[in-house]
Amino acid sequence: MTRKCLTLFCLGLLLLTVSAAKAARIDTLSVESPKMKKNIEVLVIVPDQCKASAPCPTVYLLHGYGGNARSWLKLKPELPQMADADGIIVVCPYGENSWYWDSPLQTGSQFETFVSSELINYIDSHYPTVADRRARAITGFSMGGHGGMWLSIRHKDIFGAGGSMSGGVDIRPFPDNWDMKKQLGEEAANQGRWDAHTAINQLDRLKDGDLAMIIDCGTEDFFYDVNLKFHQALAERGIHHDFISRPGVHNEAYWNNSMDYQWLFFKKFFNGYRDTPVK
């Protein structure tokens, strides 16, 4: 090997070493849920700049029906690079097929409490987060889109921003789908319970400015009509929000694209606390 080639080879190794040293770390955790009396798998992406204990904002990403804690990394493989570039911690919990409620029927499916309380407390105590709603956002796709709206609206003291991608934001038109009746009982016999557990019926909890909100759904998606009604209900209440509709169906390609829009939305939201740091 010539001296020039050796020099280039060594330089390449150095660049690779530096790059690796500055790469986001991906942790796979088993987080205890005292309420459910079991451990839940959670994937956490930790940007390089946060490893040195520089506090970072956090985005919680919720998967859809049939998914798991790794669904988001499969759907958006560039998430570690995005987290590194913008200094944002990403948390992806396994939500089973829970729809992110506390089920009134299934004691082992209490994912509203897990995500909004137990997991938040764990992440804030084990990672260099900014433990403030101004630096915490939540979103998801499909079932996770319902979860993003359900949890952010009901826990706006915890989450400053909430999103939904192709979310089932009104569950009632789909009474026989996605195991929801296992969580709530048959819709025909439990109408009040179904009314109480749908995201669109949580809007009376909001006034304009309570929550930064972004809703995204493809015009060919089977959830498009409920998302359009959700957008219209927010507008009727005078609640400002971002609503994006563009050609697309209920699939991973659409959500991969949606994440770029929502990531930018949350990044700009986090700039608010960065401009006026938490004391």
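Refer to the structure printed above.
Every value quoted in this text rests on a predicted model; they were computed, and no experiment measured them.

**Let's talk about the state of the cysteines**
- Summed over all chains, the structure comprises one disulfide.
- There is a disulfide in this structure between cysteine 50 and cysteine 56, and the S-S distance comes to 1.9 Å. Between cysteine 50 and cysteine 56, the S-S dihedral sits near -110°, and the bridge is therefore left-handed.

**Focus: the packing of helix H5 (residues 111–126) against helix H6 (residues 143–154)**
- Contact geometry for H5 and H6: axes closest at 11 Å, N-to-C directions at 60°. Taken together, the axis directions place H5 and H6 in an arrangement best described as oblique. Handedness of the crossing formed by H5 with H6: right-handed. Seen from H5, the contacting residues are Glu112, Val115 and Ser116; seen from H6, they are Trp150, Leu151 and Arg154.
- Along the lines of polarity and charge, the residues of the contact of H5 with H6 split into three nonpolar, one polar and two charged.

**Comments concerning the sheet that holds strand E6 (residues 161–165)**
- Read from one edge to the other, the open sheet built from eight strands follows the order E1-E2-E4-E3-E5-E6-E7-E8, with strand pairing classed as mixed. What marks the edges here is a single partner per strand, and that holds for strand E1 (25–33) and strand E8 (242–246). Shown here is a sheet whose adjacent strand axes are inclined to one another by a mean of 20°, direction ignored.
- Looking at chain direction, strand E3 (residues 58–62) and strand E4 (residues 89–93) are connected through three bridges and run parallel. Opposite valine 59, over in E4, you have valine 90 as the bridge partner.

Cut-off values and rules
Residues numbered from 1 in each chain as written. Predicted model: local features only at pLDDT ≥ 70, side-chain atom pairs only at ≥ 80, totals over all residues. Heavy atoms only, no water. Disulfide = S-S within 2.5 Å. Axes fitted to C-alpha atoms, helices over the stretch in contact; angles between N-to-C directions. Helix = DSSP H or I, 4+ residues; strand = E, 2+ residues; numbered from the N terminus. Parallel < 35°, antiparallel > 145°, perpendicular 65-115°, else oblique. Left-handed = near helix turned anticlockwise from the far one by under 90°. Contact = heavy atoms within 4.5 Å. Nonpolar A, V, L, I, M, F, W, Y, C, P; charged D, E, K, R; others polar. Pairing = 2+ DSSP bridges.

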